[in-house]
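Residue strings, one per chain:
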Amino acid sequence: MNVWIFALFAALVAVGESDDPCLCATMKWASCGPTGTPGSCQCNITLAEKTDQPINCKALVPKCFLMKTEMYRRSKNQDTRSVGKPTEGFVDNDGIYDPDCEADGTFKAKQCNKTEECWCVNSAGVRRTEKEDMNIKCEKLVETYWIRLILDHGPVESSSLNKDSLKTALGDAIQERYMLDKSFVKEVEYDADAKKIQVDMKKDMTDRQTKLADVAYYMEKDIKKSPLFKNLAKFSPKVGTTTLDFTNILVYYVDAEPPTFKMNRLAGGVIAAIVVVLLIVAAGLLLLFFWNRQRKEKYSKTRQTDGETANN
């Protein structure tokens, strides 16, 4: 009897905790407190010294705010991870920096990372131009309308995985954990041999409300063992009886307008190849120049010799 009473009490405590308005389910670093109104609570995250940002704990925190608070915590030697070392992987071209955010958590089009070197970003906060001085002009924030995720998973016993079953499972899991309607999961491809799943999340190019980048950022943190949720449970969708254990994630961004990288943005190998070709062309032109000059000198000497013979 005592066991049943204890179990009932524990269940009531658990329910009370899950409904506690002063717990922020979507941000583990949030500080929450009562507002003075019975049953209400306000949660904030610290973006900088003496700068607290109110957040909505019923939605994902905007990526710009997340990056700012991570940079602040790093500057204070505060933990930005929960357990384990994050798996190395591609985030974007530059990784995390201290961004400038609009009041609603949107990235400002121009970013400088508190330096005199600046660049333009897309709505995901990813650099899309070369780095220049503070006079760089970023006319507008270009929208990222398509995000491609490449998910690596561990060994599975089931051979029933295919792109259709994966699309259903991933769509449901993304909707449940990241609050993104599964209709935005447009296409899924599967390479069973490589254990790689390709997920395309897309929205209309004119859609400024759906925050695909926020979803990708939260998922990236989940898979790299640095979850931002209060609940540290892993993102492990189920396909039938098979649970997927993701080991790595790559995130690719596609904007409504192409980026404007210049020559120095090319990979080192490409630049080296171009330089070699230019050197070969230059060498060829020099050889042609000297060959023509040698021919002219030879022709001139021949004419001079013929003239002397005629005079004799």
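Residues numbered from 1 in each chain as written. Predicted model: local features only at pLDDT ≥ 70, side-chain atom pairs only at ≥ 80, totals over all residues. Heavy atoms only, no water.

- Going by the annotation in an unreviewed UniProt entry, the name recorded for the chain is Epithelial cell adhesion molecule, with Oryzias melastigma given as the source organism.

1. Considerations on the sheet that holds strand β11 (residues 246–255)
Reasoning step 1: Taken in spatial order, the four strands make up an open sheet running β7-β8-β6-β11, and their pairing is antiparallel. In this open sheet, the two strands that pair with only one neighbour each are β7 (185–191) and β11. Mean inter-strand twist for the sheet, computed between neighbouring axes without regard to direction, equals 15°.
Reasoning step 2: With nine bridges connecting them, strand β6 (residues 144–153) and β11 associate as antiparallel partners. Within the sheet, the bridge partner assigned to W146 lies in β11 and is V254.
Reasoning step 3: Seen against the sheet, helix α4 (residues 212–223) touches β6, β8 (196–202) and β11 and runs at an angle of roughly 15° to β6. (Pairing = 2+ DSSP bridges. Helix = DSSP H or I, 4+ residues; strand = E, 2+ residues; numbered from the N terminus. Axes fitted to C-alpha atoms, helices over the stretch in contact; angles between N-to-C directions. Contact = heavy atoms within 4.5 Å.)

2. Observations regarding the state of the cysteines
Reasoning step 1: Evaluation of the coordinates by the stated rule reveals six disulfides.
Reasoning step 2: The disulfide partner of C22 is C41, and the gap between their sulfur atoms is 2.2 Å. Between C22 and C41, the disulfide has an S-S torsion of 115° and is therefore right-handed. Of this pair, C22 sits in the loop between α1 (2–18) and β1 (31–34) while C41 is found in strand β2 (residues 41–48), placing the two residues 19 residues apart along the sequence.
Reasoning step 3: Taking the relative accessible area as the measure of exposure, C22 reaches 25% and is therefore partly exposed.
Reasoning step 4: Paired through a disulfide, C32 and C43 show a sulfur-sulfur distance of 2.0 Å. Measuring handedness by torsion sign, the sulfur bridge of C32 and C43 sits at about 110° and is right-handed. (Disulfide = S-S within 2.5 Å. Buried < 20%, exposed > 50% of the residue type's maximum accessible area, 1.4 Å probe, protein only.)

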